[in-house]
Amino acid sequence: MDRPKSLPLSLGLALGLLAVSAVARAAPFAYISNAADHTVSVVDTASDAVVTTFPVGTGPYGVAVHPNGRTVYTANLYDNAVSVIDTASNTVVDTVAVGEWPFGLAVLPDGSALYVANFIDSSVSIIDTATHTVVDTVLAGTNARGVAVHPDGSRVYVTNTNGDSVSVIDTATHAVVATVPVGSQPRGIAVHPNGKTVYVTNNDGNTVSVIAVAGALANNSVVATIAVGAGPIGVDIHPVSGYVYVGNRDSGDVYIIDSATNAVVGTIPVGLSPRGVMVHPDGGAVYVSNSLSNNVSVIDPTTQTVVETIAVGSVPFAFGEFIGPLDSDGDGVADTLDNCPLIVNPGQEDDDHSGRGDACDGLPPGC
Ligand SMILES: [Ca+2]
Ligand SMILES: [Ca+2]
Ligand SMILES: [Ca+2]
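Peer 1: Pulling in residues and values, what's your account of the environment of N68?
Peer 2: Mapped onto the fold, N68 is located in the loop between β4 (60-65) and β5 (71-76). It is 26 Å that separates the C-alpha atoms of N68 and G99, two residues lying 31 residues apart in sequence. Ignoring any residue separated from it by four or fewer positions in sequence, one finds N68 in contact with G111, A334 and L337.

Peer 1: Tell me what's going on with the sheet that holds strand β21 (residues 243-248), and back it up with residues and numbers.
Peer 2: The strand order across the open sheet formed by four strands is β20-β21-β22-β23, and the pairing between neighbours is antiparallel. The sheet terminates laterally at β20 (232-237) and β23 (263-269), the two strands that pair on one side only. Ignoring strand direction, the axes of neighbouring strands in this sheet form an average angle of 25°. Of the pairings in the sheet, the one linking β20 to β21 comprises four bridges and is antiparallel in character. Pairing of I237 across the sheet is with V244, part of β21.

Peer 1: Please set out the environment of A106 residue by residue, giving values where relevant.
Peer 2: Here A106 is to be found in strand β8 (residues 102-107). Residue classification places A106 among the buried residues on the basis of 26 C-beta atoms within 10 Å. Spatially, the C-alpha atoms of A106 and E321 are 7.3 Å apart, while their sequence positions differ by 215 residues. If we skip the residues at most four places from it in the chain, A106 touches A64, Y115, V147, A148, V149, V156, G320 and E321.

Conventions and cut-offs
Residues numbered from 1 in each chain as written. Chains lettered and ligands numbered in written order. Predicted model: local features only at pLDDT ≥ 70, side-chain atom pairs only at ≥ 80, totals over all residues. Helix = DSSP H or I, 4+ residues; strand = E, 2+ residues; numbered from the N terminus. Contact = placed C-beta atoms within 7 Å. Pairing = 2+ DSSP bridges. Axes fitted to C-alpha atoms, helices over the stretch in contact; angles between N-to-C directions. Buried ≥ 20, exposed ≤ 12 C-beta atoms within 10 Å, placed from the backbone.

So, in structure tokens, the structure goes:
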């Protein structure tokens, strides 16, 4: 079943104004890393079909998509390396050696650097995404695992699974500027899209810690602890509703927390041993990788029910931000980078230096 897609109002206006009939709405892809068969399953999120599966390094537990959507990275636990994947060809184009047992990883919003948590080394490797080289290694807490980036790019947050803490890294200096005690065995981590709080799953404590990181409470301290299901790991936050989706490994379900009240407002059964959880960038679905069912559950966030189950590879973890960015006009340039996000202009020409693509000059805002 195809997930219904609403046509953005501004796209409707653009279509009407330009009488363009063939603007494809290219869907981003979900890159599901399969830890046991050392592959990535690529899911077209418009159809929820697996379009291809390709090999990467050994034990790809973590995965991250570059903000431009042209590169994907997997952290390969058993070869102590990161695979660099070209999404045009879905092939590994480079391999970068990092620390021992790399797990989670995340890219800065400007795309310049990739942060990789090394579990055994309790460190974070910082990779320059232009050169594919490690430019720095930062000591974190004991057994670094999950990585999340603040939307303003200034801070990276790392869970330390056996340190029961979160390390806060300043991306300008690479210094650890705070170490925040959280619950027992923190694993997953996500920054609220409003930039004010960070949600951390405590796998052993069956709780979620909420850290205040901006605003009046910008002191990197835990302001709430919420009881969830058994063995929480994956976590992500819906950009519109502010609902927090938490995958619980041992109870095989997803808890929904309303971030306005930090109350649990729902529970959704999924597959066995859910790991990766990510809200689709268009807000229309939530994807959950079930590591012992070898499939992905797709949740409709309007009904909070599973509407699709997608068979993937063996032991899908997809730990991280595994879905690519929106590219509404399908010209290969992500919406956040496209100077005419609803008009096909892959060259991004701006000959008059207006700051808008020449294809949009003179058209109403939103084209
Ligand atoms: Ca585009
Ligand atoms: Ca465009
Ligand atoms: Ca222009």
